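Listed below, chain by chain, are the residues.
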Amino acid sequence: MIISFIKKKPFPKKMLIATLSGIVLVSSIYVSETYFFTFSEIDREFTQKGPGPVTSPTEKFTANAYYELYGGAAGGVNVWVEITYNNDNNKVRTVYYADAKDHFSMEWLDEDTLYILNDNPDFPNSDRSIKLEIGKEIYHENGQACKSLLMKDKYETCYQN
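Residues numbered from 1 in each chain as written. Predicted model: local features only at pLDDT ≥ 70, side-chain atom pairs only at ≥ 80, totals over all residues. Heavy atoms only, no water.

## Digging into the pairing of strand S7 (residues 113–119)
Then step 1. Of all the seven residues making up S7, five are buried; the element is thus mostly covered by neighbouring parts of the structure.
Then step 2. Of the strand pairs in this sheet, strand S6 (residues 103–108) and S7 are connected by six bridges, and their pairing is antiparallel. In the strand pairing of S7, Ser 105 is matched with Leu 117.
Then step 3. A loop of four residues connects S6 with S7, the two strands running antiparallel in sequence.
Then step 4. Note that S7 and strand S8 (residues 130–133) share four bridges and pair antiparallel. Each residue of the ladder has a partner; that of Leu 114, found in S8, is Leu 132. (Buried < 20%, exposed > 50% of the residue type's maximum accessible area, 1.4 Å probe, protein only. Helix = DSSP H or I, 4+ residues; strand = E, 2+ residues; numbered from the N terminus. Pairing = 2+ DSSP bridges.)

Set out below in structure tokens:
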């Protein structure tokens, strides 16, 4: 566009349409990935079962962890925790998603509070451990769940690294 303006020649309309179409396409992909995130993009076909099931003290909830491999030979492992609401038609909600560290475990502190330990003692900055009040709080390491307009009504507080 600048070259056309300097040379005082008309800008090709096809180039303008292609450029604007590309900008709209890239912008719409960004908006959909950022503001319409759900956990449905987890590749559940190649997952591995993690710790669990861990049942809450009154058996109201059951926590299960799963591992998702990514990146091939040089990649890593993500971990997510799903809570099954045993008294609500076994409804399942994802409440935790992060990069898996060396030590991972889950423990119910009370009926509604789940403690998730996810750290590597050799690397102090790698601690992703958290206490979550089920039904009110969730954790997503990258914060995608915190920005999602589709998930805002499913929790009160969202934590990210």
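Alright, that's what it looks like, and here's the rest.
## Things to note about the pairing of strand S5 (residues 91–99)
Then step 1. Two strands pair when backbone bridges link them, and strand S4 (residues 76–85) and S5 are joined in this way by eight bridges, in the antiparallel orientation. Bridged to Glu 82 within S5 is Thr 94.
Then step 2. Counting the residues between successive antiparallel strands, the hairpin from S4 to S5 contains five residues, one of them, Asn 89, with a positive phi of roughly 55°.

## Digging into the layout of surface pockets
Then step 1. By volume, the largest pocket is sized at about 200 Å³.
Then step 2. Among the secondary structure elements, those contributing two or more residues to the lining of the largest pocket are S5 and strand S9 (137–140).
Then step 3. Of the residues assigned to the lining of the largest pocket, the class counts are seven nonpolar, three polar and four charged. (1 Å grid on protein atoms, 1.4 Å probe; cavity = no way out; pocket = protein on both sides within 12 Å on 5 of 7 lines; lining within 4 Å. Points joined across faces, edges and corners; volume = space filled by probe spheres on them. Nonpolar A, V, L, I, M, F, W, Y, C, P; charged D, E, K, R; others polar.)

## A closer look at the pattern of salt bridges
In a structure, side chains of opposite charge can pair up when their charged atoms sit close to one another.
Then step 1. The final tally for this structure, using the stated rule, is five salt bridges.
Then step 2. One salt bridge connects Lys 101 with Asp 99, and the closest N-O pair in it is separated by 3.1 Å.
Then step 3. For Glu 133, the salt bridge goes to Lys 136, with nearest N and O atoms at 3.5 Å.
Then step 4. Looking at Lys 136, the relative accessible area reads 35%, which means it is partly exposed. (Salt bridge = Lys/Arg side-chain N within 4 Å of Asp/Glu carboxyl O.)

## What about a nonpolar patch on the surface?
Then step 1. Where nonpolar side chains cluster on the molecular surface, the patch consists of Tyr 30, Val 31, Tyr 35, Phe 36, Leu 149 and Leu 150 and spans about 590 Å² of accessible area.
Then step 2. Its place among the elements puts Tyr 35 in helix H2 (residues 13–35).
Then step 3. We classify Tyr 35 as partly exposed; its relative accessible area is 34%. (Patch = residues over 30% accessible without salt bridge, like charges linked within 9 Å, V, L, I, M, F, W, Y side chains within 5 Å. Areas by Shrake-Rupley, 256 points an atom, 1.4 Å probe, with all protein chains shown as cover.)

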